[in-house]
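Structure at a glance
Single-letter residue listing:
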Amino acid sequence: MAADDLHFTRTLSTVLATSFFFVLLCSSLQVRGVNYTFMKDAALAPSVSYYDYIIVGGGTAGCPLAATLSERFRVLLLERGGSPYDDERIGDMARFADTLSDTSPGSPAQRFVSEDGVINSRPRVLGGGSCINAGFYTRASDDYVRDAGWDLEATGAAYRWVEDVVAFQPELGPWQAALQSGLIEAGVTPDNGFTFDHLDGTKVGGSIFDADGRRHTAADLLRYARAEGLDVLLRARVAKILFINVRGRRPVARGVVFHDSEGRMHKAYLNAGRRNEIILSAGAMGSPQLLMLSGVGSADHLSSFGIRIVHDQPAVGQGMSDNPMNAIYVPSPSPVEISLIQVVGITQVGSYIEGASGSNWGVRPLASGGVHRPRNFGMFSPQTGQLATVPPKQRTPEAIARAAESMRQLDDSAFRGGFILEKVLGPLSTGHLELRNRDPDDNPSVTFNYFSHPEDLRRCVAGLSVIESVIHSKAFENFTYSYFSMETLLNMSTGFPVNLLPRHDSDSTSLEMFCKDTVMTIWHYHGGCQVGRVVDAEYRVLGVDALRVIDGSTFNASPGTNPQATVMMLGRYMGVRIQNERLKAEGVEGTEL
């Protein structure tokens with residue numbers, strides 16, 4: 001091995017934090033200002049207001065849902081975060097890592113660590129997860145749609161409604177093209193080319209980043225809204241749902257209590273009318289949490305916090321799942337393009353294979369004016385206190401600063417390469433969510449029980465074997481060192497501080513242990529308000545009236561290789577269904593999808 005290669009290998013082994021979701025594109029694009037006339041800060045809202053629909057959560061489901069319902073009704077959309085159009089980091093791919101590593105109270109990404117020890121994030125911004133994710137866009141399979149009880153034709157129309165605004169075809173560079181060819185060579189066939197559809201084999205999926213590298217989010221779907229029918233309040237922190245309780249009758253949701261950024265309390269009520277509703281779209285963390293804070297959940301659990309019981313529903317917070325993801329870093333002898341996830345291999349072994357590349361991991365991208373910004377290593381980094389070699393209690397600001405400075409001194413070649421990852425289908429492992437306290441701004445406690453079901457572990461191991469075949473394929477030979485064995489790559493990847501779990505020595509030959517030791521999130525967590533347990537097939541909360549949940553918390557499994565397209569579709573799909581059912585009951589013609 002050449003001296004330069006030996007130095008390169010040693011340098012790689014010192015890298016403490018690298019991820020496929022880092023600063024992957026240099027761009028001087030600025031976020032376009034969007035001046036929605038119906039959007040304002042909650043501090044400007046009246047103390048009491050009335051609407052036909054109150055939607056809690058302006059995320060990937062809440063935005064299309066609000067836009068749709070506003071066509072005929074008066075709608076209030078409450079978002080706890082700010083506007084994506086006021087934060088230039090969100091639209092600029094060169095600033096992608098900045099949002100994930102920002103742990104300030106106003107960050108669009110609120111970090112949490114599951115009880116499993118896996119580091120995660122939840123969105124806190126209008127547009128939700130579509131503002132902070134890696135941008136991959138793909139539909140759910142037809143089988144998933146049928147199993148969910150959705151109409152296939154209507155979901156197709158709802159997907160297209162979303163795609164007209166936020167979805168684009170990416171252009172592949174050499175590394176992504178090699179990954180595509182390597183997957184096909186490894187037997188992940190057929191080659192389906194570019195498609196939004198979920199098809200077995202290898203495909204190029206869509207992206208919410210356009211050709212100029214600009215992110216398009218669920219907040220952009222609000223352009224469909226009727227301005228006179230919608231009010232969007234930012235930095236509106238909902239504390240609880242208000243219910244009317246009459247002895248012998250089911251509780252009826254009547255309104256919500258929320259606080260603005262200055263701490264002032266506001267109340268929003270439903271207008272008179274039995275078809276008016278409150279809809280939770282606060283996500284897999286927020287929706288079950290808010291139900292519990294409002295008195296809908298396990299009576300024993302809620303009583304321990306002094307919460308008055310509205311409806312004893314032990315299934316709230318149950319069925320929490322997060323698709324485990326494991327990644328292998330593949331250093332490259334050749335320069336690679338900067339890319340986010342563009343290609344996916346939908347295998348027959350229960351896992352999805354994807355990849356991202358970029359010579360800019362750790363590179364200080366140019367800000368406007370040509371000045372280098374400080375290096376930021378993103379979510380799995382010293383800046384967020386995730387140091388594998390430093391115990392959590394010893395992660396002082398000084399220790400973090402020293403680690404970050406040492407990483408800044410690494411040569412850029414240490415970051416040349418890409419990650420090939422696998423995401424487990426489903427998953428079958430489930431956990432639960434519980435309150436930590438009565439503060440709606442605080443993260444609840446969540447346990448996902450990664451790999452507790454043996455089938456998930458089998459799928460992970462099988463997926464790693466596919467990755468090995470891709471790395472050793474002829475198509476990928478220009479982007480890997482021939483003398484790097486799979487064991488070497490596993491050992492290299494094991495050293496990255498991707499979670500807070502203890503490591504096991506000399507276990508690189510055990511793919512099962514690699515899966516467990518290096519498990520990460522791909523931010524596709526779901527459950528907590530599942531259909532059939534907490535809500536019915538029309539997403540009405542069981543046991544109470546005038547309340548629905550429409551978001552990823554209702555899913556029993558993650559749809560396809562990335563859920564964001566389906567969550568946005570669901571907001572539109574259910575908005576049309578709710579609107580049409582109501583108008584039909586009133587003898588008025590509805591909206592066609």
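Residues numbered from 1 in each chain as written. Predicted model: local features only at pLDDT ≥ 70, side-chain atom pairs only at ≥ 80, totals over all residues. Heavy atoms only, no water.

On inspection of all chains with the given rule, the structure shows 22 salt bridges. A salt bridge links Glu 581 to Arg 577; the nearest nitrogen and oxygen atoms lie 3.5 Å apart. You can see Glu 581 and its partner Arg 577 sitting in helix α14 (residues 564-585), four residues apart, about one turn around the helix. (Salt bridge = Lys/Arg side-chain N within 4 Å of Asp/Glu carboxyl O. Helix = DSSP H or I, 4+ residues; strand = E, 2+ residues; numbered from the N terminus.)

This part covers the packing of helix α2 (residues 62-69) against α14. The interhelical angle for the contact between α2 and α14, taken along N-to-C directions, is 25°, at an axis separation of 7 Å. Relative to α14, the element α2 is oriented roughly parallel. Relative to α14, α2 is oriented so that their crossing is right-handed. Every residue of α14 that contacts α2 at Pro 64, Leu 65, Thr 68 and Leu 69 is listed here: Met 568, Gly 571, Arg 572, Met 574, Gly 575, Val 576, Ile 578 and Gln 579. Looking at the contact of α2 with α14, its residues break down into seven nonpolar, four polar and one charged. (Axes fitted to C-alpha atoms, helices over the stretch in contact; angles between N-to-C directions. Parallel < 35°, antiparallel > 145°, perpendicular 65-115°, else oblique. Left-handed = near helix turned anticlockwise from the far one by under 90°. Contact = heavy atoms within 4.5 Å. Nonpolar A, V, L, I, M, F, W, Y, C, P; charged D, E, K, R; others polar.)

Sheet architecture is open: three strands sit in the order β18-β23-β24, paired in antiparallel fashion. Two strands lie at the open edges of the sheet, namely β18 (318-320) and β24 (445-447), each paired on one side alone. Neighbouring strand axes in the sheet, compared pairwise and without regard to direction, differ in orientation by 35° on average. Those strands touched by helix α8 (residues 283-293) are β18, β23 (431-434) and β24, and its axis lies near 55° from that of β23. (Pairing = 2+ DSSP bridges.)

Moving on, we come to the packing of helix α6 (residues 152-166) against α14. Here α6 crosses α14 at 115°, and the two axes come no closer than 8 Å. Of the possible angle classes, the one that applies to α6 and α14 is roughly perpendicular. As α6 runs across α14, the sense of the crossing is right-handed. On the side of α6, the interface is formed by Ala 154, Thr 155, Ala 158, Tyr 159, Trp 161, Val 162 and Val 166, while α14 contributes Ala 565, Thr 566, Met 568, Met 569, Arg 572 and Tyr 573.

The topology assignment puts Gly 58 in the loop between β3 (53-56) and α2. Separated by 222 residues in the primary sequence, Gly 58 and Leu 280 have C-alpha atoms spaced 9.7 Å apart. Those residues in contact with Gly 58, other than ones at most four positions away along the chain, are Cys 63, Leu 77, Leu 78, Glu 79, Val 125, Leu 126, Gly 127 and Gly 128.

Moving on to the pairing of strand β14 (residues 265-270). Remark: a regular strand shows side chains that alternate across the two faces of the sheet. Here strand β2 (residues 48-51) pairs with β14 via four bridges, running parallel. Paired with Tyr 51 across the strands is Leu 270, a residue of β14. Connecting strand β13 (residues 252-259) to the next strand, β14, in antiparallel fashion are five residues, including Gly 263 with a positive phi near 90°.

A word on the sheet that holds strand β21 (residues 351-357). Taking strand neighbours across the sheet as the criterion, the seven strands line up as β8-β9-β20-β21-β22-β19-β25 in an open arrangement whose pairing is mixed. Whereas interior strands pair on both sides, the edge strands pair on one side only; in this sheet they are β8 (191-194) and β25 (520-521). Bridging between strand β19 (residues 324-331) and β25 involves two bridges; their strand directions are antiparallel. Looking across to β25, one finds that Met 325 is bridged to Met 520. Across the sheet, helix α7 (residues 174-185) is in contact with β8, β9 (201-204), β20 (343-346), β21 and β22 (417-424); its angle to β21 comes to roughly 155°.

No statement about biological role is implied by the geometric values presented.
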